[in-house]
Amino acid sequence: MMKSSRHPVRLFAVMLVLVSLTAKANNLVTASGLKCEYLVNPMGIEAQHPRFTWHLADSRAMARQTAWQLLISTDSLDWKKTLVWQTPKSPGSNNLVTYSGKALQPFTKYYWRVNTWDKDGVLTTSPTASFETGMMNPSNWKGAWISDVSEVSVKPAGQFRKQFEAPKKIRSARAYIAVAGLYELYINGARIGTQRLDPMYTRFDRRTLYVTHDVTDQLKTGQNAIGVLLGNGWYNHQSTAVWNFHRAPWRARPAFCLDLRITYDDGTVETITSGKDWKTSFSPVVFNSIYTAEHHDTRLAQPGWNTANFDDSKWKSVIYRAAPSNNIVAQVLHPVRAVEEVPAHSVNKISDTVYVFDLARNIAGVSRLKLQGPAGTIVKLKHAEQIYPNGRADLSNIDVHYRPTDDKDPFQTDIFILSGNGEETFMPHFNYKGFQYVEVTSDKPITLSKESLTGYFMHSDVPPIGTVKSSNPTIDKIWSATNNAYLSNLFGYPTDCPQREKNGWTGDAQIAIETGLYSFDGITVYEKWLADHRDEQQPNGVLPSIIPTGGWGYEWGNGPDWTSTIAIIPWNIYLFYGDTKLLADCYDNIKKYVDHIDELYPGGLTTWGLGDWVPVKSKSPVEFTSTAYYYADALILSKAAGLLGRKVDQQKYQALAEKIRKAFNDKFLNRQTAQYGSGLQTEMSVALYWGLVPDELNARVAANLAKRVELDNFHLDVGLLGTKAILNALSANGYADVAYKLAAQETFPSWGWWIKNGATTLYENWDINAKSDLSRNHIMFGEIGGWLYKGIAGIKPDEAVPGFRNIILEPHFVDGLTFFEATHDGPHGKITAAWQKEAGSINWTITIPANSTATLVLQLEKGQQLYEQGKAITGAAGPVRSTGHRANGKATYFAQAGTYHFVIR
């Protein structure tokens, strides 16, 4: 352990910078991007076998790692004496290693680094990274579960405090807090962390999360105070809506358990715990609902309540509570944060008591208001996605599912009562909304300016890892709107919309999985959400349509087209990260799910599902789309069985997939005309995309799909399930130009139509004037974001060599674009694919990161060739060579790591 007790993180950061600068100065090649459990230097992990990843920072041509060795220690300054695990020097390019040393100990900081040998056999050692274990075992908890009252109907949020003395100099301190509900933690008056809405939403009675905080810098020798503010979240849902969360089986007044573990300079350890010696009082947060809003009465504030000098003689004692579940586990994922500050673009003063602010973009999050006014002034902040012609906020498109029992809990409307003590600031603690406009009304005149209100874009703070740029501004805006909609619907689980529902709709999430993974490092969120799936699955394999759920969704909305998330998401995580853990964790669940469908529908066709949700005009049969997803599930299960060494299952489910495929084609395929069903866009594209079309008919079916799109005047005629398939089915089967015409359309119905009408996120309905289903921040039509990487730039994972260890680069130089560029930071580093059209030729630049290779697939016109540095690429040895294989007019090449500037002419 480092001896600079109070500031080890700062010293550690300085050391990393020095190592990095030294490496750069000496042109050293080293491992970079070190992560444990896909997080940088995580705290509070509980995995007995954590995963370690890195990539090789080597931009040279043909760069690769020829060998590696991982070392883990408990002291970053004395590796030899404190070595915990050291792998042998292992040949190869592996950069995903699972710990298999002796049992990790709780409350322990471990340091790790990796030795790598480059293509020349030169050894370099990476900078040192760390990870820190949490409880590791429930028996290590010392605190008690406490709350303030037992009644669920009590409105004010509870605040809790404890004062204690730290008698000696402090080396380090960690706060471990498990919460049923939401919390904010304070030490000596300072709020701890930048996270919001912690802990993440789970099926509380089956799995409860705890969070670890480093509070070393906030504690001091002598008197200290801990403060906890509790919010309802989804645990004590008080608003009434159609999903009946107010009747959830876990519902209770929020409670928490806390251990504050202090290590003193002399090595002794003291744990301050939650218990009967804590005091509690109601807070100024007089109402809070994750679904609607928050109400705050500043007159009730008790300044200093979370400091050591506060007089809590009038506060009451806490009560003990049963733990919400027997499964208290660490929260190990990127947290929700207020990631971006969005200043108001304009304000419309309607009167001296009514102001309407416009952020000029749709976001998920909260607003912060600063103002002055007389004590008792009631201020309401109504958050909306649209406004009436008179300029007032209009909630009619998003309050459809709200079922209020009275007028005390208005939808998306914060209420703030002023104390009259100068300028006051309001920003909710335990809520978020979807909005572009904020209507501020008051019962007394107030003066506001454009600077009075600021929006905060909140979402899971997943690192961005992809970019798209093109010569078409509409395409760029569609990509941006897709990302904004994706992030607006990521709060520790993927949701459908941030305003009217906030539900974890499975169908929306399976549609958007590739869109998310191309642009954001989201594995930690998806691993958490698939654990929610496992918590919610019935013994017979049935999953609900929204996850987590309080019970709603087992009887409506589920079925293969929606709840195939149990198979499709782990499979995509495997493709993008090359990691089989999530597939392994979910294997039995996928199997139960597929077996249940097989039991219900032994003929291979299933009618269980919602179908092509919110179509333009034509609705494909549910039996068609659900059977396609059933086939996909069975095929993924077979492949997963093969990867996990379950050969009997592999053969069994391969046979089931073939049975489904045959039944599907026997029912829906006209072999003479090469048409599926009625020949609708969804029918033709779904069959192609999910691989149900017989090989010998693939070209004819694709041609028929292209003709159908042309008959529809190159406009969409699909719903949710069709949007997943249609662009991919066209571009992967020789009709990328047709796909691009669809994608770039700017008249109804199209993504571009939304953009031309001011959209900054994606909508729920193609018709912007629809009478229902018109949320203006939905991700369900978001596959286009992923398709831009696949169908235009051509960046695709290789199923045979996943995790972008081998990259498929199959660009499409479509009519209508003169330039396109996409980048994706995969497990081995940044992949770049950019093309530019010039007179008679195409310039194509690609970057293949170290430790990766690529298969280049080009649709060359007659007489065209691929050149680099003026020389045609042949089959001769070198970093890029032709494989000599041409199929369907496609030329293929093999390329090793490096940056290449090609010309096609």
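Nothing here was measured: the structure is a model prediction, and the numbers come from that model.

Novice: Any chance you could explain the overall build of the protein here in plain terms?
Specialist: A tally of helices and strands in the protein yields 16 helices and 47 strands. The globule rule puts the C-alpha radius of gyration for 905 residues at 29 Å, and the 28 Å found for the protein is close to it. Over its C-alpha atoms, taken along the principal directions, the protein stretches across nearly 85 × 70 × 55 Å. Per-residue burial over the protein gives 62% buried out of 905 residues. Taking the intrachain contacts of the protein between residues at least 6 apart in sequence as the baseline, contacts between residues at least 24 apart amount to 74%.

Novice: Help me understand helix α8 (residues 581-600) in this model?
Specialist: Because an α-helix completes one turn every 3.6 residues, residues spaced three or four positions apart along the sequence face the same direction. Between its first and last C-alpha, α8 extends 29 Å over 20 residues, near the 28 Å set by a 1.5 Å rise per residue. Along α8, the residues classified as buried are Leu582, Leu583, Cys586, Tyr587, Asn589, Ile590, Tyr593, Val594, His596 and Ile597. The inward-facing, buried residues of α8 contact α5 (523-536), α6 (560-563), α7 (565-577), α9 (622-643) and α10 (647-668).

Novice: What should I look at first to understand the environment of Trp145 in this one?
Specialist: With respect to the element layout, Trp145 can be found in the loop between β10 (129-133) and β11 (146-147). Given the relative accessible area of 10%, Trp145 is considered buried. Separated by 33 residues in sequence, Trp145 and Ala178 have C-alpha atoms that sit 8.8 Å apart.

Novice: I keep staring at the sheet that holds strand β14 (residues 182-187) and nothing clicks. Help me out?
Specialist: Think of a sheet as strands paired side by side through backbone hydrogen bonds, with each pair either parallel or antiparallel. In space, the 6 strands of this open sheet follow the order β15-β14-β17-β12-β20-β23, with antiparallel pairing throughout. Edge positions in the sheet fall to β15 (190-191) and β23 (316-317), since each has one partner strand and no second. Here strand β20 (residues 279-282) runs beside β23; their pairing, made up of 2 bridges, is antiparallel. From the neighbouring strand, Thr280 faces β23, where its bridge partner is Lys316.

Novice: Explain the nonpolar core here, please?
Specialist: Within soluble globular proteins, side chains that are nonpolar generally end up buried alongside one another. Counting 222 residues, the largest nonpolar core has Val440, Tyr676, Trp751, Ile795, Leu809, Phe820 and Leu856 as the members making the most contacts within it. By residue number, the principal contributor to this core is α9, which donates 12 residues. Filtering out sequence-adjacent residues up to four positions away, Trp751 remains in contact with Ile478, Leu716, Thr723, Leu727, Leu742, Ala743, Leu762, Trp766, Phe781 and Ile784. Counting residues in each nonpolar core, the second largest holds 28 residues, with Ala144, Ala173, Ala175 and Ile177 among its members.

Novice: Just to check I follow, could you spell out the sheet that holds strand β7 (residues 96-98) for this structure?
Specialist: Read from one edge to the other, the open sheet built from 3 strands follows the order β1-β3-β7, with strand pairing classed as antiparallel. Two strands close off the open sheet at either side, each with one partner strand: β1 (30-36) and β7. When the angles between neighbouring strand axes are averaged without regard to direction, this sheet yields 25°. Pairing analysis gives 3 bridges linking strand β3 (residues 51-57) to β7, with the strands arranged antiparallel. By the bridge assignment for β7, Phe52 is matched with Val97.

Novice: Help me understand helix α11 (residues 681-689) in this model?
Specialist: With respect to burial, α11 is a largely interior element, 8 of its 9 residues being buried. For α11, the complete set of buried residues consists of Gln681, Thr682, Glu683, Met684, Ser685, Val686, Ala687 and Leu688. Among the structural elements, α9, α10, β38 (675-676), α12 (698-711) and α13 (720-731) are those in contact with the buried residues of α11. Where α11 ends, the next residue or the one after it, Gly691, has phi of about 75°, a positive value.

Novice: Is there a simple way to explain the confidence of the model for the protein in this structure?
Specialist: In low-pLDDT regions, the fine details of the predicted coordinates are not to be read closely. Residues at a pLDDT of 70 or more form 97% of the protein, whose mean pLDDT is 95. pLDDT under 50 marks residues 1-26. Its contacts with residues more than four places away, or in other chains, come to 33 contacts.

Novice: Mind showing me how you'd approach the pattern of salt bridges here?
Specialist: Two side chains with opposite charge may pair up if their charged atoms get near one another. Enumeration according to the criterion identifies 50 salt bridges in this entry. Between Asp266 and Lys168 there is a salt bridge, with the nearest N and O atoms lying 3.0 Å from each other. Taken together, the residues Asp266 in the loop between β18 (255-264) and β19 (269-273) and Lys168 in the loop between β12 (158-166) and β13 (170-180) connect sequence positions 98 residues apart. Residue Lys168 is classed as partly exposed on the basis of its relative accessible area of 31%. Between Glu696 and Arg671 there is a salt bridge whose closest N-O contact spans 3.8 Å. With Glu696 in the loop between α11 and α12 and Arg671 in the loop between β37 (669-670) and β38, the pair connects residues that are 25 residues apart, well separated along the chain. Residue Arg671 is classed as partly exposed on the basis of its relative accessible area, which comes to 40%.

Novice: What is the right way to look at unusual backbone geometry in this model?
Specialist: Outside of glycine, negative phi angles account for most residues, and trans bonds account for most peptide bonds. Residues Asp198 and Pro199 are joined by a peptide bond in cis, for which omega reads -10°. Within the secondary structure, Pro199 sits in the loop between β15 and β16 (208-214). Of note in the backbone geometry, Leu197 takes a positive phi value of approximately 60° without being a glycine. Given a relative accessible area of 8%, Leu197 falls into the buried group. A positive phi angle, near 55°, is found at Asp773, a position not held by glycine. Looking at where Asp773 falls in the secondary structure, it is placed in the loop between α15 (751-756) and α16 (783-793).

Novice: Is there a simple way to think about the pairing of β12 in this case?
Specialist: The two faces of the sheet receive side chains in turn, since in a regular strand these alternate between them. Counting buried positions over the 9 residues of β12 gives 7, a clear majority of the element. Pairing analysis gives 4 bridges linking β12 to β20, with the strands arranged antiparallel. In the sheet register, Arg161 faces β20, and the bridge partner there is Lys279. Sheet analysis places β12 next to strand β17 (residues 222-231), joined by 8 bridges and oriented antiparallel. Paired with Phe164 across the two strands is Asn224, which belongs to β17.

Novice: Would you mind showing me how to read the pairing of strand β22 (residues 294-297) here?
Specialist: Burial along β22 is two-sided: Glu294 and His296 facing one way and His295 and Asp297 facing the other are all buried. In terms of strand pairing, strand β21 (residues 285-288) meets β22 through 3 bridges, oriented antiparallel. Bridge pairing in β22 places Asn288 opposite Glu294. Taken together, the 3 bridges between β22 and strand β32 (residues 413-417) define a ladder with parallel strand orientation. Within the sheet, the bridge partner assigned to Asp297 lies in β32 and is Ile417.

Novice: Would you mind showing me how to read the side chain of Asn503 here?
Specialist: One can find Asn503 in the loop between α3 (473-488) and α4 (506-519). Residue contacts for Asn503: discarding those within four places in its chain leaves Trp243, Phe245, Tyr493, Pro494, Thr495, Asp496 and Ile546.

Novice: Hey, could you run me through the packing of α9 against α11 in this one?
Specialist: Each pair of packed helices gets described by two things: the angle between the helix axes and the distance between those axes. For the pair α9 and α11, interaxial distance at closest approach is 10 Å and the crossing angle is 15°. When the interaxial angle is binned, α9 and α11 end up roughly parallel. Regarding α9 and α11, the two cross each other, and that crossing is left-handed. In this structure, α9 uses Phe624, Thr625 and Ala628 to contact α11, whose residues at the interface are Thr682, Glu683, Val686 and Ala687. Classifying every residue of the contact of α9 with α11 gives 4 nonpolar, 2 polar and 1 charged.

Novice: Even after reading the chapter, I still don't get the side chain of Thr108, so can you show me in this structure?
Specialist: Along the chain, Thr108 turns up in the loop between β7 and β8 (109-117). Polar contacts involving the side chain of Thr108 include one to the main-chain carbonyl oxygen of Pro106, which spans 2.8 Å. Aside from chain neighbours lying at most four places away, what touches Thr108 is Thr74, Phe131, Glu132 and Thr133.

Cut-off values and rules
Residues numbered from 1 in each chain as written. Predicted model: local features only at pLDDT ≥ 70, side-chain atom pairs only at ≥ 80, totals over all residues. Heavy atoms only, no water. Helix = DSSP H or I, 4+ residues; strand = E, 2+ residues; numbered from the N terminus. Rg over C-alpha atoms; globule rule 2.2 N^0.38 Å. Buried < 20%, exposed > 50% of the residue type's maximum accessible area, 1.4 Å probe, protein only. Contact = heavy atoms within 4.5 Å. Expected span 1.5 Å × (residues − 1). Pairing = 2+ DSSP bridges. Core = buried A, V, L, I, M, F, W, Y, C linked by side-chain atoms within 4.5 Å. Axes fitted to C-alpha atoms, helices over the stretch in contact; angles between N-to-C directions. pLDDT = per-residue confidence, 0-100. Salt bridge = Lys/Arg side-chain N within 4 Å of Asp/Glu carboxyl O. Parallel < 35°, antiparallel > 145°, perpendicular 65-115°, else oblique. Left-handed = near helix turned anticlockwise from the far one by under 90°. Nonpolar A, V, L, I, M, F, W, Y, C, P; charged D, E, K, R; others polar. Polar contact = N/O pair within 3.5 Å; in protein donor to acceptor, adjacent residues only side chain to side chain.

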